[in-house]
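# An overview of the molecular structure
The chain contents come next:
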Amino acid sequence: MSIKNRVALMTKSSQNKESIKLVRLAPYFGTLMFGGILILFSFTSPYFLTFGNLSNILLQSSIVGVASLGMVYVIIVGGDDVIQGGIDLSCAAFIGLTATVTAFFLSRGHSLVISVTLGILITVFGGICNGIGVVYGIRPLLMTLGMGAVVTSADLIFSNNRQILIENKFFEWLRDATYYGLGIAVYIYLFTFLILFSLFHGTSIGIRAYAVGGNSTAALISGIKTKKYIFNSYVVSAVCASISGILILARLSSSTPRAGDIILLDVILASFMSVIFSRRFMPNLAGVFVSAIFIATLSNAFTLLNFPSYWTSGIKGVIILVIVATRSKRSWVK
Amino acid sequence: MMKASFPKRSVIHEASLRFISVIGLFAILLFFSFSSEVFFTGNNLSVIATNCSLLLIVTSAMTLVIRSGGIDLSVGTAFDLGALVAISIIHNGGNTQNAIILGILSGVVIGLLNGFLIVYLKISPFLATLGTLYIGVSVQRILTHGGDPIYLKPSDTPSLFVSFGRGQFLGLSIPAWISLLLFALVFVILERLTFGREVTAFGMQPMAAFVGGISVKANLFRIYVLSSVICATAGVLLGARLTAYVPLSGDYYLLDAIGAVFIGTTLSNTGRPSPMGSLIGALIFTVLANGMNLLGISFYYQGLTRGLIIIVILGLSVRRNRSMSKLLVK
């Protein structure tokens, strides 16, 4: 291919007939895919489409979902470039730390309010450190990687690498109580989503956050306090992670050291997968809300279909690749 | 309009900020050689070289990929596949040459998959390799019935295979020599060959590289295959060292490798990953782990120290990049 051809290809790529058809369909692709998979599973297992099972899926998605809501905020504000852009790898460690610290103080006989507050505060402090580091100029990937190591260490120190069992009325209520058939965790997930969503799209925060993520210099020049937005995103992510930590503590009735590590990949996946539910292929809050449920649906359906558990992650991987491949019109040659 | 002004810093100040990772490494070396008597003995240094070897190999692979503007989260998958293939061949009575060669070549499968996903399906490298990682985890669980390690009986293991992992040559272990060899390979590719320059150009400015006539697709494909093959070599080495295959052991190196590469980027003016920098990053991690073990520090605190050191080194290097970027903006 000559250089002339390459330039021509570059300039007219958007006028390509074929791509126009696909682009029209693409925005709905994620939704179609999700719908298709729901229908497919409802044929294969009679239990899948029962209310009990659907509420179970929502419950399973809540822990990953809440943490993903914070993560996607970081990705939106930092830009979705994976290496240079925003990402919070310490979120898994934060989830574990909140659970451990809360359980630690509860088991020492401190009151519920104090324990939960301390658990959340210590995590928020970590988030503040992340924010300061990133605003100062350290790459988010590395700042949060380093913070993750520090926080995991703190988790081990508090828990002494042991499981801490808790017996508390509040956590039992959090685990067992249901209203209208849905667990408390689902309401917390929904509530967190609604608060963030209304703040994001009801005020100018959302559009400014996208501006900072898209081109931070342009955003700065047009009068947005970019540093404030970046800093806040890490604090929000830490708060969301700590809520997730409380939920995981309630669910297991005990804190296991490094409990968050196993869900880190799911959290990252839900955040990046949100782009397939968006018309402009941007990470977005509503997309994350659906993605987390989507991921939980896959796990749930495979369990119902009696797949051995070690097949699940592979099938998840394939399905995600298929979805992402079909939507990726945003080519790597921009 | 503002006048262009150079930061008013002495040469020494500027250099000390640039070489902060090297200074950090020397400070760590100095600290441990004072606090532990055994640290600076030839024996311990060769242990460090051996411990560093696998991380250095994975880091070299990661340097290649990050230089091309992507990232490879499936290094652990290629690593484990290499170990799995080599160990199962020995386990089933195959000979050493086959085990090592097929183990190393098994990385090609992962590389081709990644290359296909990234180049032809145009999935972003992060998500594509994340998918490969998921699939790899599953495949390993399936093949090992949920995650049972495969152990080789000492009586059945060919001595040549064992010496591949544990042998000594001129005072260093074989894995250390192989890691140096692979490191040199990556160095030559990135710093001396046209291929390396093309990859660098693509990593920095994809559009410009494409318009400039670089065959982006072929180069990217080669990068991902090369990265996976290099990681599979590390897997074979670990298998030979342990004479066992432990599922999912490769993922342990992923975050360390990414950290090491980015510590290395502080050496460059433009924040570009370089093999030399990655070497220093990998050494910092290994020396820290070795020294802290010698001092008997509980592993609870090791993560804390490592995390803080990453943050401090990167934080200090930011001061310099800031002055550079100010220079560019004005």
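Residues numbered from 1 in each chain as written. Chains lettered and ligands numbered in written order. Predicted model: local features only at pLDDT ≥ 70, side-chain atom pairs only at ≥ 80, totals over all residues. Heavy atoms only, no water.

## Brief notes about the overall build of chain A
Cut-off, in case you're wondering: What counts as a helix is a DSSP run of H or I of at least four residues, what counts as a strand is a run of E of at least two, and both are numbered from the N terminus. Contacts are residue-level and defined by heavy atoms, with any inter-residue pair within 4.5 Å sufficient.
When its secondary structure is counted, chain A shows 15 helices and 4 strands. Partitioning the intrachain contacts of chain A with sequence separation of at least 6 by distance along the chain shows that 75% fall at a separation of at least 24.

## Quick word on a nonpolar patch on the surface
To be explicit about the condition: Patches here: salt-bridge-free residues with over 30% relative accessible area, like charges joined within 9 Å, nonpolar side chains (Val, Leu, Ile, Met, Phe, Trp, Tyr) joined within 5 Å. For every accessible area listed, the method is Shrake-Rupley and the probe measures 1.4 Å; residues are considered covered only by the protein chains on display. By definition here, a salt bridge exists when the distance from a side-chain nitrogen of Lys or Arg to a carboxyl oxygen of Asp or Glu is within 4 Å.
A grouping of Ile157 of chain A together with Phe31, Leu295, Ile297 and Tyr301 of chain B is seen on the molecular surface, where their side chains present a nonpolar patch of about 410 Å² in accessible area. Positionally, Phe31 of chain B belongs in helix H2 (residues 20-35).

## Topic: the packing of helix H4 (residues 51-78) of chain A against helix H10 (residues 205-214) of chain A
All names here are of chain A. For clarity, the cut-off: Comment: axis = line fitted to C-alpha atoms, over the contacting stretch for helices; angle = value between 0 and 180 degrees taken between N-to-C directions. Roughly parallel covers angles under 35 degrees, roughly antiparallel covers those over 145, roughly perpendicular covers 65 to 115, and oblique covers all other angles. All amino acids are sorted into three groups, where Ala, Val, Leu, Ile, Met, Phe, Trp, Tyr, Cys and Pro are nonpolar, Asp, Glu, Lys and Arg are charged, and the leftover types, Gly among them, are polar.
At a closest axis distance of 5 Å, the pairing of H4 and H10 adopts a crossing angle of 60°. Between H4 and H10, the crossing angle belongs to the class labelled oblique. Residues Tyr73, Ile76, Val77 and Gly78 of H4 form the contact with H10, whose participating residues are Ile205, Ala209, Tyr210, Val212 and Gly213. Of the residues contributing to the contact of H4 with H10, the split by class is 7 nonpolar, 2 polar and no charged.

## Side note on the interface of chain A and chain B
Heads up, the rule is: Note: buried area is the sum, over both parts, of the accessible area (probe 1.4 Å) each one loses when the two are combined.
Facing the 48 residues of chain A at the interface are 55 residues of chain B. Surface buried jointly by chain A and chain B totals about 4600 Å² across both partners, of which 77% is contributed by carbon and sulfur atoms. There are 0 salt bridges connecting chain A and chain B. Among the secondary structure elements, those contributing two or more residues to the side of chain A that touches chain B are helix H1 (3-12), helix H6 (112-136), helix H7 (140-159), helix H13 (264-273) and helix H15 (309-327) of chain A.

## Focus on the environment of Val225 of chain B
All names here are of chain B. Mapped onto the elements, Val225 comes out in helix H12 (residues 216-242). Between the alpha carbons of Val225 and Leu105 there is a distance of 9.8 Å; along the sequence they are 120 residues apart. Filtering out sequence-adjacent residues up to four positions away, Val225 remains in contact with Val108, Gly111 and Leu112.

## Considerations on the environment of Ser228 of chain B
Residue and element names in this part refer to chain B. What counts is decided by this rule: Summary of the burial criterion: residues with accessible area below 20% of their type's maximum are buried, those above 50% are exposed, and those between are partly exposed, where the area comes from a 1.4 Å probe applied to protein chains only.
Position of Ser228 among the secondary structure elements: in helix H12. Since its relative accessible area comes to 1%, Ser228 is described here as buried. Measuring from C-alpha to C-alpha, the distance between Ser228 and Val65 comes to 10.0 Å, with 163 residues separating the pair along the chain. Beyond its immediate chain neighbours, meaning those up to four positions away, Ser228 contacts Asp72, Ala78, Gly107, Ile110, Gly111 and Asn114.

## Describing unusual backbone geometry
Positioned with a positive phi, Ser253 of chain A is a non-glycine residue whose angle comes to about 55°. The topology assignment puts Ser253 of chain A in the loop between helix H12 (226-252) and strand S4 (254-255). Its identity as a non-glycine residue notwithstanding, Lys122 of chain B has a phi of 60°, on the positive side. Along the chain, Lys122 of chain B falls in the loop between helix H6 (107-120) and helix H7 (125-143). On the accessibility criterion, Lys122 of chain B (32% relative accessible area) is partly exposed.

## Quick word on the pattern of salt bridges
The final tally for this structure, using the stated rule, is 3 salt bridges over all chains. Its salt-bridge partner being Asp176 of chain A, residue Arg175 of chain A comes within 3.0 Å of it at the nearest N-O pair. For Asp176 of chain A, a relative accessible area of 48% puts it in the partly exposed group. The salt bridge involving Arg67 of chain B is made with Glu191 of chain B; its shortest N-O contact spans 3.6 Å. You can see Arg67 of chain B sitting in helix H3 (residues 42-67) and its partner Glu191 of chain B sitting in helix H9 (residues 174-192), a full 124 residues away along the chain. Assessed through its relative accessible area of 24%, Glu191 of chain B is described here as partly exposed.

## Considering the environment of Arg108 of chain A
All names here are of chain A. Position of Arg108 among the secondary structure elements: in the loop between helix H5 (91-107) and H6. According to the relative accessible area criterion, Arg108 is exposed, its value standing at 58%. Once the C-alpha coordinates of Arg108 and Phe307 are considered, the two residues, 199 residues apart in sequence, prove to be 42 Å apart.

## Remarks on the packing of aromatic side chains
All names here are of chain A. The criterion, for reference: The rule is short: rings of Phe, Tyr and Trp, with Trp giving its six-membered ring, pair when the centres are within 6.5 Å, and they are stacked under 30 degrees, edge-to-face over 60, tilted in between.
In this structure the tally under the stated criterion is 21 aromatic pairs over all chains. Pairing Phe193 with Phe289 gives two aromatic rings, centres 4.3 Å apart and planes at 20°, and the pair type is stacked. Linking Phe193 in helix H9 (residues 184-202) with Phe289 in helix H14 (residues 285-304), this pair joins segments that are 96 residues apart in sequence. Judged by its relative accessible area of 10%, Phe193 is buried.

## Examining the nonpolar core
Using the following cut-off: Among the buried residues, those of types Ala, Val, Leu, Ile, Met, Phe, Trp, Tyr and Cys that are joined through side-chain atoms within 4.5 Å form a nonpolar core.
Ranked by size, the top nonpolar core spans 191 residues in total, and within it Phe171 of chain A together with Met62, Phe161 and Ile284 of chain B carry the most contacts. Top contributing element to this core by residue count: H12 of chain B, with 14 residues. Excluding residues within four positions of it along the chain, Phe161 of chain B makes contact with Ala86, Ile87, Ile90, Thr96, Ala99, Ile100, Leu152, Gly239 and Ala240 of chain B.

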